[in-house]
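Chain by chain, the residues:
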Amino acid sequence: MRIEAYNQVHQLYQAKKVNKVREKSGAAQTDQLQFSNFGREIGAAQAALAGTPDIREDLVAPIKAKVQNGTYQVDTASFAQKLMQKASELDAAYEETR
């Protein structure tokens, strides 16, 4: 007695039953995909972003020229103040998560 053969035959009959049920169900069904309004808005935003450059040359060019000329100045006091402010914000955010 071979049980494996029985399983194979049983699977064949089951496949035929499924096909018969599909045939009896009537009209052929097709899969459909529908996007929500929010999904369409995201797609429109992605398309708009794809058309814009990653670097805004109108803002970068003057700074780049100053760096190359050696005339670009950094206000160290302002830089240090902003750096300390950002560090305290990160520290506060870390404390909130604990």
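In this text the structure is predicted, and so the values were computed from the model without any measurement.

Caption draft 1: The arrangement of the overall build of the chain in detail. From N to C terminus, the chain includes four helices and zero strands. For the chain, with 98 residues in total, the buried portion stands at 0%. If you sum the accessible surface of the chain, you get close to 10,000 Å²; carbon and sulfur atoms cover 57% of it.

Caption draft 2: Here's a closer look at a nonpolar patch on the surface. On the surface, I63, V67, Y72, V74, F79 and L83 cluster together into a nonpolar patch covering about 590 Å² of accessible area. Listed by contribution, the elements that provide at least two residues to the nonpolar patch are helix 3 (57-69) and helix 4 (76-97). If you trace the backbone, Y72 turns up in the loop between helix 3 and helix 4. Y72 gets classed as partly exposed once you look at its relative accessible area, which sits at 41%.

Caption draft 3: Region of interest: the confidence of the model for the chain. Chain-level statistics for the chain give a pLDDT mean of 82 and a share of 72% at 70 or above. Confidence, expressed as mean pLDDT per element, reaches its minimum in the chain at helix 1 (residues 3-24) with 61 and its maximum at helix 3 with 94.

Conventions used here
Residues numbered from 1 in each chain as written. Predicted model: local features only at pLDDT ≥ 70, side-chain atom pairs only at ≥ 80, totals over all residues. Heavy atoms only, no water. Helix = DSSP H or I, 4+ residues; strand = E, 2+ residues; numbered from the N terminus. Buried < 20%, exposed > 50% of the residue type's maximum accessible area, 1.4 Å probe, protein only. Areas by Shrake-Rupley, 256 points an atom, 1.4 Å probe, with all protein chains shown as cover. Patch = residues over 30% accessible without salt bridge, like charges linked within 9 Å, V, L, I, M, F, W, Y side chains within 5 Å. Salt bridge = Lys/Arg side-chain N within 4 Å of Asp/Glu carboxyl O. pLDDT = per-residue confidence, 0-100.

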